[in-house]
Amino acid sequence: PDVAAHRRLPSRHRFFADLSQCLFDFVIELLPTGEEMAVKENVRKLLERLIRTIEPDSRLLSFGSTANGFSLRNSDMDLCCLIDSEERLSATDLVTMLGDLLERETKFHVKPLPHARIPIVKLSLDPSPGLPLGIACDIGFENRLALENTRLLMCYAMIDPTRVRTMVLFLKVWSKRRKINSPYKGTLSSYGYVLLVIYFLVHVKNPPVLPNLQQMPPLRPITKEDTHLAGYNTWFFDDIELLRTRWHSENSESVAELLIDFYRYYARDFSYNTGVASIRAGLLKKSSKGWQNDLTSRYHDSRERNRLCIEDPFELDFNVGRCVTKDGIYTIRGEFMRASRILSNRPERAVVALAELCL
Ligand code: GTP
Ligand code: MG
């Protein structure tokens with residue numbers, strides 16, 4: 001009976017239903033296994049024990065995709081070490097000491113970067129039966145803003161897990177396969193793509209799919225002390241259980257419709273030249289943030305920082321798209337156009353369209 005009902009749908013709706021189902025199936029296959037997550041948690045605990053031999057009052061917390069619900073099989077592990085005591089070593093000294101310790105005590109390949117802008121220790125582990133692709137992990141220090149932005153993304157994912165997680169996970173895979181997910185090579189980080197998705201669902205879709213968690217009225221009065229971190233306001237509405245009872249989206253589009261619209265919006269409608277995507281405040285002007293590309297400057301080669309402008313949710317002076325170069329934005333937009341074209345042709349079989357998209 002379901003099959004018959006499905007056949008009676010207008011072809012447009014049939015295509016959306018098929019494509020949505022394909023997207024769920026595609027993404028489910030790429031989620032990390034329970035075993036992988038357990039191995040990663042054990043690695044975190046082991047590393048935390050070792051770090052405590054140097055700094056007894058430290059905690060090692062995971063952030064990024066392992067903590068926000070957007071992780072794919074074999075994604076790297078981002079760890080942040082917080083030290084709760086007043087007197088502590090500098091990040092540079094810690095990175096050097098921790099690097100030595102891990103080299104002596106563990107099987108990890110260890111690469112300490114004590115003099116990087118943000119000092120970190122890079123670790124990797126060779127493949128083993130529990131982790132057929134090995135493990136890659138970065139340990140940073142005192143990066144409390146990253147822990148908070150991870151929590152913000154996780155809350156957005158929890159409001160509408162089906163649509164938000166499916167879109168984000170698919171776009172992560174797609175951007176990696178299409179080679180437009182390398183900030184070091186002039187394209188955009190995963191974090192940047194996630195912000196583009198949330199911006200689209202909060203500010204572009206009408207009615208919105210997600211509320212703006214940073215602009216909701218707080219439940220009780222808040223003071224500057226509880227909400228500010230390193231001078232930035234990190235407050236957002238984080239009682240998701242309560243939110244679920246009070247807020248519900250009027251938007252009932254399927255994942256497939258949202259994805260197609262997402263591609264069309266970033267292929268055609270987003271104002272790359274003058275606009276800044278801000279999940280906190282909607283569409284802003286580059287000029288209001290002082291983020292214009294100064295093409296008349298004789299330094300304009302090195303000033304490629306503001307081709308694609310995405311405001312960090314908390315560090316408002318920070319452009320998450322700063323790594324994107326002129327070539328990078330050209331390639332990324334070209335990919336949005338290609339994806340939009342493939343999907344709007346509404347090919348006979350959704351599964352073929354997805355395969356072509358990620359080819
Ligand atoms: P994959 O590693 O590709 O699976 O994605 P991911 O979700 O872990 O994202 P990514 O590695 O790009 O970023 C990991 C975390 O680092 C993010 O969740 C942020 O908390 C933080 N982060 C990454 N890039 C930036 C940035 O440019 N600015 C800030 N403030 N934080 C960032
Ligand atoms: Mg990561």
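Look a little higher up for the structure.
Definitions and cut-offs
- Residues numbered from 1 in each chain as written.
- Chains lettered and ligands numbered in written order.
- Predicted model: local features only at pLDDT ≥ 70, side-chain atom pairs only at ≥ 80, totals over all residues.
- Heavy atoms only, no water.
- Helix = DSSP H or I, 4+ residues; strand = E, 2+ residues; numbered from the N terminus.
- Expected span 1.5 Å × (residues − 1).
- Contact = heavy atoms within 4.5 Å.
- Donors = N, O, S within 2.8 Å, 3.2 Å for Na, K, Ca; no water.
- Buried < 20%, exposed > 50% of the residue type's maximum accessible area, 1.4 Å probe, protein only.
- Axes fitted to C-alpha atoms, helices over the stretch in contact; angles between N-to-C directions.
- Parallel < 35°, antiparallel > 145°, perpendicular 65-115°, else oblique.
- Left-handed = near helix turned anticlockwise from the far one by under 90°.
- Nonpolar A, V, L, I, M, F, W, Y, C, P; charged D, E, K, R; others polar.
- Phe/Tyr/Trp six-rings, centres within 6.5 Å; stacked < 30°, edge-to-face > 60°.
- Lys NZ or Arg CZ within 6 Å of the ring centre and 35° of its normal.

1. Remarks on unusual backbone geometry
Now for step 1: The omega torsion of the bond from N206 to P207 falls at 0°, within 30 degrees of zero and hence cis.
Now for step 2: Mapped onto the secondary structure, P207 falls in the loop between α8 (190-204) and α9 (224-227).
Now for step 3: You will see that E142, though not glycine, has its phi angle at about 55°, which is positive.
Now for step 4: Secondary-structure assignment places E142 in the loop between β5 (135-141) and α6 (144-159).

2. What to know about helix α2 (residues 11-29)
Now for step 1: In this model α2 runs 27 Å from its N-terminal to its C-terminal C-alpha over 19 residues, within 8% of the 27 Å that 1.5 Å per residue would give.
Now for step 2: Its buried side turned inward, α2 meets α7 (161-177), α11 (255-269), α13 (326-344) and α14 (350-357).

3. Regarding the coordination of the magnesium ion (ligand 2)
Now for step 1: For the magnesium ion (ligand 2), the full set of protein donor atoms is D76 (OD) and D78 (OD), at a range of 2.5 to 2.6 Å.
Now for step 2: Among the residues examined, D76 registers a relative accessible area of 37% and is labelled partly exposed.

4. Here we look at the environment of I54
Now for step 1: The topology assignment puts I54 in helix α3 (residues 34-54).
Now for step 2: Sequence-wise, I54 and L101 are 47 residues apart; in three dimensions their C-alpha atoms are separated by 9.0 Å.
Now for step 3: Ignoring any residue separated from it by four or fewer positions in sequence, one finds I54 in contact with L89, L94, M97, L98 and L101.

5. Quick notes on the packing of α11 against α13
Now for step 1: Here α11 crosses α13 at 140°, and the two axes come no closer than 8 Å. Between α11 and α13, the crossing angle belongs to the class labelled oblique. Here the hand of the crossing between α11 and α13 comes out left-handed. When α11 is examined against α13, the residues L259, I260, F262, Y263, R264, Y266, A267 and R268 are found in contact with a partner set consisting of R333, F336, M337, A339, S340 and L343.
Now for step 2: Tallied by class, residues from the contact of α11 with α13 come to ten nonpolar, one polar and three charged.

6. Concerning the packing of aromatic side chains
Now for step 1: In this structure the tally under the stated criterion is 17 aromatic pairs.
Now for step 2: Here Y263 and F336 contribute two aromatic rings whose centre-to-centre distance is 6.3 Å and whose plane-to-plane angle is 50°, an arrangement assigned as tilted. Here F336 lies in helix α13 and Y263 lies in helix α11, a separation of 73 residues in the sequence.
Now for step 3: Take Y263: its relative accessible area is 0%, and that puts it in the buried class.
Now for step 4: Within the aromatic cluster, the residues linked to one another by ring pairs are W174, Y199, F200, F262, Y263, Y265, Y266, F270, Y272 and F336.
Now for step 5: Across the ring face of W291, the terminal group of K289 is positioned such that the distance to the ring centre comes to 4.9 Å.

These results come straight from atomic positions and should not be treated as a statement about function.
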